Amino acid sequence: MKKSRLLTTFSALLALSFALTPAFGAEGDLIDVRDAQDAPIKVIYDTDIGGDIDDAFALALFHRFSDRGVCELLGVTLTNPSEAAGKFVAAYNALNGRPDVPVGITSKGELAVYDEYPSATLNQKLEDGSLEYPVPEGYKPEDSVKLLRRLLANAQDGEVVVVQVGYSTNLAALLDAPGDDISPLSGKELAAKKVRLVSVVGGSFAVDPTAEDYRGLREWNIICDIPAAQKFVSEWPGEIVFSGYEVGDRIKMSPTNLKHDYRLPCGKFLRDAFTWWASKNAPDEGLDHRRPTWDLTSVLFVMRPEDGRGYYALSEPGVVSFDDVGAAAFTPDPNGKRRVFLVDEAARIRVGEAFVNLCSER
């Protein structure tokens, strides 16, 4: 089975209209989460890395922005319960000079395990027989919810941004977590006190009424754990912004870039992982496969909010919900704490070029 985002048409939703008002070219910081222009964004990356390949490239963005002082990667939590996927993250963090970034893995055992390209990449050997991408000595994954609680408890009030590009499993479980020896606060209280914003890849919020390919679709991250998505979106106390399926699907990775620019160690790691992923999921195309950049969008839009970049606009505030088959709905509400990223054609070109320049530079 192809381990990537799965969309299923749900015809009953085609009649819904999403009153999302774009504001391309508007001045003003759109979702600037910094207290000062030069202050690094404290970020937790919550991912189902190991199934689709865009999660790995999104992780690369965090490291490139960390290199530039734009963010500080506090930790990575996985909703893919795969030992190999956790080691893959740890190895890549170490390759980027950050071996101490903690990794958490969900304890929800009924979720599917995806570990083909992480295992294949980690098993690569050099001519002398040593592993090309070794896992840091002493690496030991934590439980995702415990790691989230620890990172939030140690943070200043309102300073953490969570980028969730996988299922809602970990954040939903956090909401149910009681106080403990890490913090007397419940998970929901920690979320309310410590998290400034959650940037999510999930759902489908097509605003173009002619874009039938996107309207009424169920998106992979949601349908893999629908109860968690419903709980998260209805109970999370703070602001959430969504990058719907239609955003990253229209911004593709560059085959030329993959084949010619990923030469340095960190870039080669990504190209090797993509090659292994493509061998199973796009065997006739390989590095010529133009993979959508879903997960990368939620990272870039948070890391680069400044005027003049023209990467995205935001919908008006509203309420987001997911029904029992995982289909998304957006209802405008001036008091709502949910918004949706909007991207026009000119922005897609700029964003795609940004991905090319950032992901392959090390």
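What counts, and where the lines are drawn
Residues numbered from 1 in each chain as written. Predicted model: local features only at pLDDT ≥ 70, side-chain atom pairs only at ≥ 80, totals over all residues. Heavy atoms only, no water. Helix = DSSP H or I, 4+ residues; strand = E, 2+ residues; numbered from the N terminus. Rg over C-alpha atoms; globule rule 2.2 N^0.38 Å. Buried < 20%, exposed > 50% of the residue type's maximum accessible area, 1.4 Å probe, protein only. Contact = heavy atoms within 4.5 Å. Areas by Shrake-Rupley, 256 points an atom, 1.4 Å probe, with all protein chains shown as cover. Lys, Arg positive; Asp, Glu negative; His and termini not counted. Charge placed at Lys NZ, Arg CZ, Asp CG, Glu CD. Phe/Tyr/Trp six-rings, centres within 6.5 Å; stacked < 30°, edge-to-face > 60°. Axes fitted to C-alpha atoms, helices over the stretch in contact; angles between N-to-C directions. Parallel < 35°, antiparallel > 145°, perpendicular 65-115°, else oblique. Nonpolar A, V, L, I, M, F, W, Y, C, P; charged D, E, K, R; others polar. Salt bridge = Lys/Arg side-chain N within 4 Å of Asp/Glu carboxyl O. pLDDT = per-residue confidence, 0-100. Core = buried A, V, L, I, M, F, W, Y, C linked by side-chain atoms within 4.5 Å.

**Side note on the overall build of the protein chain**
Next, step 1: Within the protein chain one finds 13 helices and 13 strands.
Next, step 2: Taking 2.2 N^0.38 as the reference for a compact globule, 362 residues should give roughly 21 Å; the C-alpha atoms of the protein chain span a radius of gyration of 19 Å, in line with that estimate.
Next, step 3: Dimensions of the protein chain along its principal axes, counting C-alpha atoms only, are 60 × 50 × 40 Å.
Next, step 4: Counting only residues that meet the buried cut, the protein chain has 57% of its 362 residues in that class.
Next, step 5: For the protein chain, long-range pairs separated by at least 24 residues make up 82% of all intrachain contacts whose partners lie at least 6 apart in sequence.
Next, step 6: For the protein chain, the computed accessible surface area is about 14500 Å², with 50% contributed by carbon and sulfur atoms.
Next, step 7: Side chains of the protein chain carry 39 positive and 54 negative charges; the gap between the two charge centres is 2 Å.

**What to know about the packing of aromatic side chains**
To describe a pair of aromatic rings, one takes the distance between the centres and the angle between the planes.
Next, step 1: With the rule as written, the count across this model stands at 16 aromatic pairs.
Next, step 2: Taking the centre distance of 6.0 Å and the plane angle of 65° together, the rings of Phe57 and Tyr262 count as edge-to-face. Here Phe57 is found in helix H1 (residues 54-67), whereas its partner Tyr262 is found in the loop between helix H10 (255-260) and helix H11 (265-281), with 205 residues between them in sequence.
Next, step 3: Overall, Phe57 belongs to the buried group, its relative accessible area being 1%.
Next, step 4: On the accessibility criterion, Tyr262 (2% relative accessible area) is buried.
Next, step 5: Of the aromatic side chains, those joined through ring pairs into one cluster are Phe88, Tyr92, Tyr117, Tyr133 and Phe269.

**Focus: the packing of H1 against H11**
Next, step 1: One can describe the packing of H1 onto H11 by two numbers: an axis separation of 10 Å at closest approach and a directional angle of 170°. Comparing their axes, H11 and H1 come out roughly antiparallel. Within the contact between the two elements, H1 uses Ala56, Phe57, Ala60 and Arg64 and H11 uses Cys266, Leu270 and Phe274.
Next, step 2: Classifying every residue of the contact of H1 with H11 by side-chain character gives six nonpolar, no polar and one charged.

**Considering the side chain of Arg304**
Next, step 1: In this structure, Arg304 sits in the loop between helix H12 (294-303) and strand E10 (313-314).
Next, step 2: Residue Arg304 is classed as buried on the basis of its relative accessible area of 15%.
Next, step 3: The residues contacting Arg304, other than those within four sequence positions of it, are Phe65, Arg68, Arg309, Tyr311, Tyr312 and Leu358.

**A word on the environment of Val89**
Next, step 1: Looking at where Val89 falls in the secondary structure, it is placed in helix H2 (residues 83-95).
Next, step 2: Residue classification places Val89 among the buried positions, given a relative accessible area of 0%.
Next, step 3: Residues in contact with Val89, not counting those within four places in the same chain, are Ile49, Leu59, Val76, Leu78 and Val103.

**Structural notes on the pattern of salt bridges**
Between side chains of opposite charge, a pair can form when the charged atoms approach closely.
Next, step 1: Counted according to the given criterion, the structure contains 21 salt bridges.
Next, step 2: A salt bridge links Arg196 to Asp35; the shortest N-O distance between them is 3.0 Å. Of the two residues, Arg196 sits in strand E7 (residues 195-201) while Asp35 sits in the loop between strand E1 (8-9) and strand E2 (41-47), which places them 161 residues apart along the sequence.
Next, step 3: A relative accessible area of 67% means that Asp35 is categorised as exposed.

**Here's the deal with the confidence of the model for the protein chain**
Next, step 1: Taken as a whole, the protein chain shows an average pLDDT of 90; of its residues, 90% reach a score of 70 or greater.
Next, step 2: pLDDT under 50 marks residues 8-19. Its contacts with residues more than four places away, or in other chains, come to 27 contacts.
Next, step 3: Overall, residues 21-28 carries pLDDT values under 50, and its contacts beyond four positions in sequence, including any with other chains, amount to twelve contacts.

**A short note on the nonpolar core**
Next, step 1: Within the largest apolar cluster, 70 residues are counted, with the highest numbers of intra-cluster contacts made by Tyr45, Phe57, Phe62, Leu300, Phe301 and Met303.
Next, step 2: Sort the elements by how many residues they give to this core and H1 lands first, with eight residues.
Next, step 3: For Phe57, the residues in contact, after removing those within four places along its chain, are Met253, Leu258, Tyr262, Leu270, Phe274, Leu296 and Cys359.
Next, step 4: In this structure, Leu147, Leu151, Leu175 and Leu342 belong to the second largest nonpolar core, which totals 32 residues.

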